[in-house]
Amino acid sequence: MFDRFYTSPRLENENVCAALDLGTNSCRLLTGYPTQGRVQILDAFSVITRLGEGMGANGFLSEEAMERTIRALQQCLDRLASFPVKHSRFITTEASRKAKNKLDFIEKAEKEAGIRLEIISSEEEARLCMCACRDLFDLRKEGVLILDTGGGSTDLSYVCFPQEGEPFVKDSFSIPSGVVSLSENFLGKEPSREEYLQAVRHMADAFAPFEEKHRLAEKIQENKIQMIGMSGTVTTLAAFKMKLRTYSHQKVDGFILTREDVEKVSDEISLMTYEEKSNHRCIGPQRADLTLAGCAILEAVRRFWNPSALTVADRGLREGVLVDLFQKFPLIP
């Protein structure tokens, strides 16, 4: 769906939309327009902000984290000035939802960066994840379970495929532990095996109520329910599995990781030192301390659902926002 062959910023197109997703760990901006049932990307920008860094200690966004994020938002606004943007939506998620000083941060972002952020609910987050992944759905199945491993939360979206009508989110579940918070609370840079297993148990316990409610394990084992993984952890594992010399969206997006792939690559990463992960071309210094937390989440997923295949989605909320904008407004394809 997303054609990442960038067009000249001077392109005059009346249907240009912009989407910004400010998460716990990073800020992502996407600008594009619809064409022939697909999304032509004009510009994509991402920067690590660590907005939620240290928030677990007292529930407040730190001044340093907010300043980093404001600078990133200013960069985003500067990039948007190059495009004739008709519609836009700027959202923020878990860290902003939980922060005790969230209103101060929202006001600060608008005053200093000129961007009005919208704090969205976990239910809206699930709906946007569905929008982003729509063209990856295997509609021959009964539905799909989407796993989104964010910085401050891990989100599950159970989407059903009715015989008539469009797919819909039957239920969503947000766990207030993502790769950043899990790393800070359990793992750090060089965790022991027991600390890693403690993180796995923590996530498995958190998944339990969702499985008890919907009983998806058997259906996933029978291949009646598809499973899709979004965001950094699964895309890193896919790139690692393919031994890519440089990261490629075209190769990673839609790639299928088998059960054996996930187990093998996760085990390989868990045995690497922090320095080895920092120097690895598929991980790098910005994700070196977060990748193991992602592997712990996936190990907890395997304990519950152990899908035979995991579809990799190199896309996230910003893609979902963009598609949603195209659907809401009468844009000419």
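Nothing here was measured: the structure is a model prediction, and the numbers come from that model.

(A) Molecular detail of the pattern of salt bridges. Under the criterion given, the structure shown has 25 salt bridges. A salt bridge links Arg 89 to Glu 118; the shortest N-O distance between them is 2.8 Å. With Arg 89 in strand 5 (residues 87-92) and Glu 118 in strand 6 (residues 118-119), the pair connects residues that are 29 residues apart, well separated along the chain. A salt bridge links Arg 318 to Glu 319; the nearest nitrogen and oxygen atoms lie 3.6 Å apart. Of the two residues, Arg 318 and Glu 319, neither departs from the other in class, the shared state being buried. Linked by salt bridges that have partners in common, Arg 89, Glu 118, Glu 124, Arg 127, Asp 324 and Lys 328 make up one network.

(B) Looking closely at the pairing of strand 4 (residues 38-48). Examined bridge by bridge, strand 3 (residues 26-35) and strand 4 share 10 bridges and lie antiparallel to one another. Residue Cys 27 lies in a different strand from strand 4, and its bridge partner there is Val 47. Counting the residues that bridge the hairpin from strand 3 to strand 4 gives two residues, and of these Gln 36 lies at a positive phi of roughly 55°.

(C) Summary view of the nonpolar core. Ranked by internal contacts, the top residues of the largest apolar core, which has 51 residues, are Leu 145, Leu 182, Tyr 196, Phe 207, Leu 237 and Trp 305. Among residues more than four places away in sequence, those in contact with Leu 145 are Leu 156, Ser 157, Tyr 158, Phe 210, Leu 216, Ile 220, Ile 225, Gln 226, Met 227, Ile 228 and Trp 305. Grouped together as the second largest cluster of nonpolar side chains are 28 residues, Cys 17, Val 39, Cys 131 and Leu 317 included.

(D) Structural detail: a negative patch on the surface. A cluster of acidic side chains, namely Glu 260, Glu 263, Asp 267 and Glu 268, defines a negative patch on the protein surface. For Asp 267, the position within the fold is in helix 11 (residues 259-270).

(E) Expanded view of empty space enclosed by the protein. Tallying each qualifying case throughout the model produces three cavities of 30 Å³ or more. Of the pockets and cavities examined, the largest cavity occupies roughly 90 Å³. In this structure, the largest cavity is lined by 14 residues; those nearest its centre are Val 262, Val 301, Arg 302, Pro 307 and Leu 310. Of all the secondary structure elements, the ones that give two or more residues to the lining of the largest cavity are strand 11 (256-258), helix 11, helix 13 (291-304) and strand 12 (309-313). Sort the elements by how many residues they give to the lining of the largest cavity and helix 13 lands first, with three residues. Along the lines of polarity and charge, the residues of the lining of the largest cavity split into nine nonpolar, three polar and two charged. Looking at the second largest cavity, the residues that line it are Ser 183, Leu 187, Gly 188, Lys 189, Pro 191, Lys 277, Ala 288, Asp 289, Leu 292 and Ala 293. Listing elements by their share of the lining of the second largest cavity, those giving two or more residues are helix 6 (179-187) and helix 13. Per-class residue counts for the lining of the second largest cavity are five nonpolar, two polar and three charged.

Cut-offs and rules
Residues numbered from 1 in each chain as written. Predicted model: local features only at pLDDT ≥ 70, side-chain atom pairs only at ≥ 80, totals over all residues. Heavy atoms only, no water. Salt bridge = Lys/Arg side-chain N within 4 Å of Asp/Glu carboxyl O. Helix = DSSP H or I, 4+ residues; strand = E, 2+ residues; numbered from the N terminus. Buried < 20%, exposed > 50% of the residue type's maximum accessible area, 1.4 Å probe, protein only. Pairing = 2+ DSSP bridges. Core = buried A, V, L, I, M, F, W, Y, C linked by side-chain atoms within 4.5 Å. Contact = heavy atoms within 4.5 Å. Patch = residues over 30% accessible without salt bridge, like charges linked within 9 Å, V, L, I, M, F, W, Y side chains within 5 Å. Areas by Shrake-Rupley, 256 points an atom, 1.4 Å probe, with all protein chains shown as cover. Lys, Arg positive; Asp, Glu negative; His and termini not counted. Charge placed at Lys NZ, Arg CZ, Asp CG, Glu CD. 1 Å grid on protein atoms, 1.4 Å probe; cavity = no way out; pocket = protein on both sides within 12 Å on 5 of 7 lines; lining within 4 Å. Points joined across faces, edges and corners; volume = space filled by probe spheres on them. Nonpolar A, V, L, I, M, F, W, Y, C, P; charged D, E, K, R; others polar.

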